[in-house]
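# Understanding the architecture of this molecule
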Amino acid sequence: NAGVTQTPKFRILKIGQSMTLQCTQDMNHNYMYWYRQDPGMGLKLIYYSVGAGITDKGEVPNGYNVSRSTTEDFPLRLELAAPSQTSVYFCASRDGIAYEQYFGPGTRLTVT
Amino acid sequence: GIQVEQSPPDLILQEGANSTLRCNFSDSVNNLQWFHQNPWGQLINLFYIPSGTKQNGRLSATTVATERYSLLYISSSQTTDSGVYFCAAAYGQNFVFGPGTRLSVLP
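An account of the accompanying structure is given in this report. Every value quoted in this text rests on a predicted model; they were computed, and no experiment measured them.

About the cut-offs
Residues numbered from 1 in each chain as written. Chains lettered and ligands numbered in written order. Predicted model: local features only at pLDDT ≥ 70, side-chain atom pairs only at ≥ 80, totals over all residues. Heavy atoms only, no water. Helix = DSSP H or I, 4+ residues; strand = E, 2+ residues; numbered from the N terminus. Buried < 20%, exposed > 50% of the residue type's maximum accessible area, 1.4 Å probe, protein only. Contact = heavy atoms within 4.5 Å. Areas by Shrake-Rupley, 256 points an atom, 1.4 Å probe, with all protein chains shown as cover. Pairing = 2+ DSSP bridges. Axes fitted to C-alpha atoms, helices over the stretch in contact; angles between N-to-C directions. Buried area = accessible area lost by both parts, 1.4 Å probe. Salt bridge = Lys/Arg side-chain N within 4 Å of Asp/Glu carboxyl O. Polar contact = N/O pair within 3.5 Å; in protein donor to acceptor, adjacent residues only side chain to side chain. Nonpolar A, V, L, I, M, F, W, Y, C, P; charged D, E, K, R; others polar.

## What to know about the overall build of chain B
- Within chain B, the secondary structure is distributed over zero helices and eleven strands.
- Secondary structure elements of chain B, listed N to C terminal, follow the sequence β-β-β-β-β-β-β-β-β-β-β.
- Residues counted as buried form 49% of the 107 residues belonging to chain B.
- The contacts of chain B with a sequence gap of at least 6 include a subset with a gap of at least 24, amounting to 54%.
- Total accessible area on chain B stands at roughly 5,000 Å², and carbon and sulfur atoms take up 48% of it.

## Thoughts on the sheet that holds strand 3 (residues 19-25) of chain A
All names here are of chain A.
- Strand order in this open sheet of four strands is 1-3-8-7, and the pairing throughout is antiparallel. A single partner strand is all that each edge strand has here, and the edge strands are strand 1 (4-7) and strand 7 (64-66). On average, adjacent strands in this sheet sit at an angle of 20° to one another, irrespective of strand direction.
- Bridge count between strand 1 and strand 3: four bridges; the pairing is antiparallel. Across the sheet, the residue bridging to T7 is Q22, located in strand 3.

## Topic: the interface of chain A and chain B
- Listed per partner, the contact involves 19 residues of chain A and 19 residues of chain B.
- Counting each side, the surface lost to burial between chain A and chain B is near 1,600 Å², with a carbon and sulfur contribution of 56%.
- Between the two partners, chain A and chain B, sit zero salt bridges.
- Here chain A and chain B share nine residue pairs in polar contact (both at pLDDT 80 or more) between them.
- Elements represented by at least two residues in the side of chain A that touches chain B include exactly strand 4 (31-37), strand 5 (43-51), strand 9 (87-94) and strand 10 (102-103) of chain A.
- Taken together, the residues that form the side of chain A that touches chain B break down as 13 nonpolar, four polar and two charged.

## Remarks on the side chain of A:Q6
All names here are of chain A.
- The topology assignment puts Q6 in strand 1.
- With a relative accessible area of 3%, Q6 lands in the buried category.
- At a separation of 3.0 Å, a polar atom in the side chain of Q6 contacts the main-chain amide nitrogen of C91.
- In this structure the side chain of Q6 is engaged in a polar contact, spanning 3.1 Å, whose partner is the backbone nitrogen of G106.
- Ignoring any residue separated from it by four or fewer positions in sequence, one finds Q6 in contact with Q22, W34, Y89, F90, C91, G104, P105, G106 and T107.

## Things to note about unusual backbone geometry
- Cis peptide bonds are those with omega within 30 degrees of zero, and the linkage from A:T7 to A:P8 qualifies with -5°.
- Note the cis peptide between B:S7 and B:P8, where omega equals -10°.
- Within the secondary structure layout, B:P8 lies in the loop between strand 1 (4-7) and strand 2 (10-14).
- Even without glycine at this site, B:R68 takes up a positive phi of about 60°.
- As for its placement among the helices and strands, B:R68 is situated in the loop between strand 7 (59-64) and strand 8 (69-74).
- For B:R68, a relative accessible area of 33% puts it in the partly exposed group.
- For B:S76, which is not a glycine, the phi torsion comes out positive at approximately 45°.
- Looking at the element boundaries, B:S76 is found in the loop between strand 8 and strand 9 (83-91).

Encoded structure:
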């Protein structure tokens, strides 16, 4: 049981490039979340999903897109990367009853 | 939306000391979690505590939902307790994180 896995661990992008951050969970959780954490700050919600085919915006969705075609996977797409998207990105999941989140190890992204 | 505050923002302790971290939230919540973010950036679940008190070794947590606060107690602190402690309040489908308490435990 690997829990929540994220790839890649690190990435450097040039301004205007695009990329997809991958998130996979093997706990059969319905709920999945993407957060970003800027240096010295708390976590802010980007997007979330309550099940396959259903996604919704969080607090800071601009510049990002998501999809949820399976229960296991919840990729986050960055289009036209900007320096303001330099951050650490965390994916999390939980089941439909308990509100206990489980986090992946994070992806550290730098946009220059 | 809900606001989550944590205090103190920073805390420096000598190894062996005890501490209490506080999390206040502005509205009724479905649940509350405490996390430790270690110096390598990993988020580690500490407690899932909608109400009452839980203990795990040297750590314990108490949530008083009716008064909208939660406390995290660290006893006999160790250098490995250093890092940032976050509380996250479950509100609707989602979670709102506090700004964190940065703890440094000195040898």
